[in-house]
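Each chain, letter by letter, is given below.
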Amino acid sequence: MKLATSYFGSRILRHVKNDMGKLREQGFSRIVHTFSENDLYYYPGTMRDIVQVSIDLGFDVLIDPWGVAGIFGGEAFSRWITEQPAISQVGASGRHLGGACLNNPILITQMTEWLDAAAATGAQWVFWDEPHWSPGGSPRNPEGEHCVCDFCLEKAGSRGITESFRAKSLVLFLARMVNLATDRGMKSSICVMPQGMAGQPGLDWPEIAALPGLSEFGTDPYWQAFNIREAGQRDRFIDKNSTAAREVSTTAGVESMLWTQAFRVKAGDEDDLLDGSKRIMNHNPDTIAIWGFEACAHMSTLACADTDKIWQGLIDIYKGISK
Ligand SMILES: [Zn+2]
């Protein structure tokens, strides 16, 4: 079992280098560097340096389209959806829903630009993080509308824009992204949200894991973030999602990756977090990954109440299990 974490919030090379060195000493061998639209436009050269120092220290580097186009996980703004409104998902009310439409050709053009820059960083992997349609209840989509833009209407045709159409559109988009990454010599890892979360259509995990060119499949059963409070329910949620991710990965012949939550863990919830995380690790994925670095101590809206307890606790559990 390999150990990974995500890293973001610092673009100062000497600090990043110092942090990467510490992570190697703590047992980490894979690193997810976020590469938002802000990074794309303002830090492309800096990100090349950051990826290079990580590789020089022995890391396997995954680069993450963090919050890009409003369709991937991440606390980052999208310039594309503000500067190019034609890229947006559009609800039946005419409201722009806060993310690009997965069926919009402008998105493919923009993602190609992102991928060219991602490949230029030298990262070996793209980490396709929680691809999703705009969730209902978010500020830009309070009514939980679905995209009915011209591209969706045309593609759906007489079948209509159903849940299965939205699910299939997401899978076809990912297939396209994996292809484009492969063309640039990069491996792809996909992390899907657990089934039934954030108002997403039910995705066909076996189909995604078997996408041509994919190298890794995983999920992030963040039960606390998804507001699951009871221990029995927690364990069932972890087991169901971890088992499914492991099984479809094995069947597809790709590596498996399971994420554990090290953000927004409230005071008093630390033991529950560590108990559940141990359960996730006991599923023995190829990689166990922690979101994110030092329990997000450096970022006030994501930081855990007791960052030291969570971060060190997770490393200790990993060391105990992987020996
Ligand atoms: Zn659409």
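Residues numbered from 1 in each chain as written. Predicted model: local features only at pLDDT ≥ 70, side-chain atom pairs only at ≥ 80, totals over all residues. Heavy atoms only, no water.

**Student:** Sorry if this is basic, but what is going on with the sheet that holds strand β1 (residues 2-7) here?
**Tutor:** Consider a sheet: its strands pair through backbone hydrogen bonds, and that pairing is either parallel or antiparallel. Strand order in the closed barrel formed by eight strands is β1-β2-β3-β6-β7-β8-β9-β10, and the pairing between neighbours is parallel. Each strand of the sheet is rotated relative to its neighbour by a mean of 25°, with strand direction disregarded. Pairing analysis gives four bridges linking β1 to strand β2 (residues 30-34), with the strands arranged parallel. What sits directly across from Tyr 7, in β2, is His 33. Running over the sheet, helix α7 (residues 163-183) touches β6 (125-129), β7 (187-192) and β8 (214-219) and is turned about 165° from β6. (Pairing = 2+ DSSP bridges. Helix = DSSP H or I, 4+ residues; strand = E, 2+ residues; numbered from the N terminus. Axes fitted to C-alpha atoms, helices over the stretch in contact; angles between N-to-C directions. Contact = heavy atoms within 4.5 Å.)

**Student:** When you look at the packing of helix α1 (residues 13-25) against helix α3 (residues 44-56) in this model, what are you seeing that I'm missing?
**Tutor:** How two helices sit against one another is set out by the angle between their axes and by the gap between those axes. α3 packs onto α1 with a crossing angle of 25° between their chain directions and a minimal axis gap of 10 Å. Taken together, the axes of α1 and α3 are roughly parallel relative to one another. Along this stretch, α1 crosses α3, giving a crossing that reads as right-handed. Across the interface between the two elements, Leu 13, Val 16, Lys 17 and Met 20 of α1 pack against Asp 49, Ile 50, Val 53 and Ser 54 of α3. Looking at side-chain class alone, the contact of α1 with α3 contains five nonpolar, one polar and two charged residues. (Parallel < 35°, antiparallel > 145°, perpendicular 65-115°, else oblique. Left-handed = near helix turned anticlockwise from the far one by under 90°. Nonpolar A, V, L, I, M, F, W, Y, C, P; charged D, E, K, R; others polar.)

**Student:** Sorry, what's going on with the coordination of the zinc ion here?
**Tutor:** For a metal with four donors in a tetrahedral arrangement, the ideal angle between donors is 109.5 degrees, while six donors in an octahedron ideally sit at 90 or 180 degrees. At the metal site, the zinc ion is ligated by Cys 101 (SG), Cys 147 (SG), Cys 149 (SG) and Cys 152 (SG), and these contacts range over 2.3 Å. Metal-centred angles of 97 to 117° between the four donor atoms at the zinc ion mark the site as tetrahedral. On the primary sequence, the residues serving as donors to the zinc ion are separated as C-x45-C-x1-C-x2-C. You can see Cys 101 sitting in the loop between β5 (96-100) and α5 (105-120) and its partner Cys 152 sitting in helix α6 (residues 150-156), a full 51 residues away along the chain. Classification of Cys 101 as buried rests on a relative accessible area of 0%. (Donors = N, O, S within 2.8 Å, 3.2 Å for Na, K, Ca; no water. Tetrahedral: all angles 85-135°; square planar, octahedral: opposite > 155°, others 65-115°. Buried < 20%, exposed > 50% of the residue type's maximum accessible area, 1.4 Å probe, protein only.)

**Student:** I keep staring at the environment of Lys 155 and nothing clicks. Help me out?
**Tutor:** Mapped onto the secondary structure, Lys 155 falls in helix α6. Exposure remark for Lys 155: the relative accessible area of 48% places this residue in the partly exposed category. As a C-alpha pair, Lys 155 and Ser 169 span 14 residues in sequence and 9.1 Å in three-dimensional space. Setting aside residues up to four positions removed in sequence, Lys 155 forms contacts with Asn 103 and Phe 165. A distance of 3.4 Å separates the side chain of Lys 155 from the side chain of Asn 103, its partner in a polar contact. (Polar contact = N/O pair within 3.5 Å; in protein donor to acceptor, adjacent residues only side chain to side chain.)

**Student:** What exactly am I supposed to notice about the pairing of strand β3 (residues 60-64) here?
**Tutor:** Regular strands have side chains that alternate between both faces of the sheet. Burial within β3 is extensive, with four of its five residues counted as buried. Bridging between β2 and β3 involves five bridges; their strand directions are parallel. Each bridged residue has a counterpart across the sheet, and for Ile 31 the counterpart in β3 is Val 61. As paired elements, β3 and β6 share two bridges and run parallel to each other. Considered in β6, the bridge of Leu 62 is made with Trp 125.

**Student:** Just to check I follow, could you spell out the nonpolar core for this structure?
**Tutor:** One recurring pattern in soluble globular proteins is that nonpolar side chains are buried together. Core analysis: the largest hydrophobic core is formed by 87 residues, its most contacted members being Leu 107, Met 111, Trp 114, Trp 128 and Phe 217. Ranked by the residues each element gives to this core, the list is headed by α7, at ten residues. Every residue in contact with Met 111, bar those within four places of it in the chain, is listed here: Val 68, Phe 72, Trp 80, Trp 128, Phe 173 and Met 177. Formed by 17 residues, the second largest nonpolar core is a distinct cluster that contains Phe 8, Trp 125, Ala 289 and Met 299. (Core = buried A, V, L, I, M, F, W, Y, C linked by side-chain atoms within 4.5 Å.)

In short, shape yes, function no, at least from these values alone.
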